[in-house]
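The residues making up each chain are set out below.
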Amino acid sequence: MNDSIPVLRPVDHGTAKLMPDIDRKRAWLLTVDGAPQSYVDLDDPTHLEFEYTRRLGHVLDTVAEPGRPLDVLHLGGGALTLPRYLAATRPGSRQDVIEADRGLLELVAEYLPLPGGAGTTVHAADARAWLEAAPTACADVLVADVFGGSRVPAHLTTLAYAREAGRVLRDGGVYLANLADAAPFAFLRSQLATFAAVFEELVLIAEPGVLRGRRFGNAVLVAARHPVDTHALARLTAADAFPARVEHGAALRDFVGGARPVRDEDAVPSPEPPGGAFGIG
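Description of the structure in this document. Since the model is a prediction, treat every value here as computed from it, not as a measurement.

1. Some remarks on the nonpolar core
Okay, step 1: Leu75, Leu142, Tyr175, Leu192 and Phe195 are the most contacted members of the largest nonpolar core, which totals 40 residues.
Okay, step 2: Each residue touching Leu142, except ones within four places of it in the same chain, is listed here: Leu73, Leu75, Leu131, Ala165, Val168, Leu169, Val174, Tyr175 and Leu176.
Okay, step 3: If you look at the next biggest cluster of nonpolar residues, it comprises 29 residues, including Tyr39, Tyr52, Ile205 and Val246.

What follows is the structure, encoded as structure tokens:
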């Protein structure tokens, strides 16, 4: 592949574009309809360019002792940034990636192939349908990073979905999700209320400016049935170029307020980002 030529291709859910990073020799940005989806450095899979991806990586680093292999289920594939990261940081991990856009998977397989021995199986399927058919207690970690365009699909926001996530996770398992919202946080609060009905422990990681309602942005939800190492997460996220806050306990319950779990019949997608929130010029 010529390292200087962008690739533009229609995929199932829009137009995908792969753009080379002029600062990193074999690094690529994937966008779909102009919205950034993934960033991959083929020479350094541990490099996580997007801030929210780095926060997901911090959680993955702290869910078990360093280097221990994990069984991980990824809902949403993109360019397989986190599966590559886990294959490098936790060799021997077994990973399944569920991505509804078959054309996108074919593009990634052609131009950004996984290294041999990555232990990763990719499935072209709807995330919730695949989850509902998955065996009970089959995963240590479930990572949800599913966006239809720039919005989380409605059927991946509900109590029934959260219960399925809880079912497939083993004791000690952890659920992670990339969400996006802005004040007054109706969507984010509803998601926290939904997962609080299934998991005893919730953590939210986001930039202070987002939590204060100053702008639209990403927030990482962590849900578990056991205490999460929030001290380690706070140390790691504070050291990032764009430091984040780690909210949990009483402060997070206050944030949720009177929000209620989402029923399937009431579900809506996450809000449309304002113009330019995530776009690439």
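2. What about the side chain of Arg90?
Okay, step 1: Along the chain, Arg90 falls in the loop between α2 (81-89) and β6 (94-99).
Okay, step 2: Buried charge Arg90 goes without a salt bridge, the closest partner of opposite sign being Asp61 at 5.5 Å.

3. A closer look at the packing of helix α1 (residues 51-62) against α2
Okay, step 1: Closest axis-to-axis distance for the α1/α2 pair is 11 Å, and the angle between their directions is 35°. Seen from above, α1 lies across α2 with right-handed handedness. Together, Thr53, Leu56, Gly57, Leu60 and Asp61 of α1 and Thr81, Leu82, Tyr85 and Leu86 of α2 make up the contact between the two elements.
Okay, step 2: By residue class, the composition of the contact of α1 with α2 is five nonpolar, three polar and one charged.

4. With respect to the pairing of strand β7 (residues 120-124)
Okay, step 1: By the bridge criterion, five bridges tie β6 to β7 in an arrangement that is parallel. Note that in β7 the partner of Glu99 across the bridge is Ala124.
Okay, step 2: For the crossover from β6 across helix α3 (residues 102-111) to β7, the handedness is right-handed.

5. Points about helix α8 (residues 230-238)
Okay, step 1: For α8, the full list of buried residues reads Thr230, Ala232, Leu233 and Thr237. Considered in projection along α8, the buried side chains sweep an arc of 155° and stay on one side of the axis. Residues of α8 that are exposed and point more than 90 degrees away from the buried face comprise His231 and Arg235.
Okay, step 2: Each element contacted by the buried residues of α8 is listed here: α1, β10 (201-206) and β12 (245-248).

6. Description of the packing of aromatic side chains
Okay, step 1: Summed over the entire model, instances satisfying the criterion amount to seven aromatic pairs.
Okay, step 2: Their ring planes at 75° and their centres at 6.3 Å tell us that Tyr161 and Tyr175 sit as a pair that is edge-to-face. Note that Tyr161 is positioned in helix α5 (residues 159-168) and Tyr175 in strand β9 (residues 169-181), a separation of 14 residues in sequence. We note that Tyr161, like Tyr175, is buried.
Okay, step 3: Ring geometry for Tyr175 against Phe199: centres 6.4 Å apart, planes inclined by 25°, an arrangement best described as stacked. Here Tyr175, found in strand β9, pairs with Phe199, found in the loop between α6 (186-196) and β10; they are 24 residues apart in sequence, far enough to count as distant.
Okay, step 4: In this structure an aromatic cluster arises from ring pairing among Tyr161, Tyr175, Phe195 and Phe199.

7. Some details on the packing of α1 against α8
Okay, step 1: Put simply, α1 and α8 touch, their axes get as near as 10 Å, and they point 145° apart. Between α1 and α8 lies a crossing of right-handed hand. Packed against α1, whose contacting residues are Arg55, His58, Val59 and Thr62, the element α8 presents Ala232, Leu233, Leu236 and Thr237 at the interface.
Okay, step 2: Of the residues that constitute the contact of α1 with α8, the class distribution is four nonpolar, three polar and one charged.

The rules behind these values
Residues numbered from 1 in each chain as written. Predicted model: local features only at pLDDT ≥ 70, side-chain atom pairs only at ≥ 80, totals over all residues. Heavy atoms only, no water. Core = buried A, V, L, I, M, F, W, Y, C linked by side-chain atoms within 4.5 Å. Buried < 20%, exposed > 50% of the residue type's maximum accessible area, 1.4 Å probe, protein only. Contact = heavy atoms within 4.5 Å. Helix = DSSP H or I, 4+ residues; strand = E, 2+ residues; numbered from the N terminus. Lys, Arg positive; Asp, Glu negative; His and termini not counted. Salt bridge = Lys/Arg side-chain N within 4 Å of Asp/Glu carboxyl O. Axes fitted to C-alpha atoms, helices over the stretch in contact; angles between N-to-C directions. Left-handed = near helix turned anticlockwise from the far one by under 90°. Nonpolar A, V, L, I, M, F, W, Y, C, P; charged D, E, K, R; others polar. Pairing = 2+ DSSP bridges. Right-handed = clockwise from strand over helix to strand, strands pointing away. Arc of directions from axis to C-beta. Phe/Tyr/Trp six-rings, centres within 6.5 Å; stacked < 30°, edge-to-face > 60°.

These figures come from the coordinates and say nothing about function on their own.
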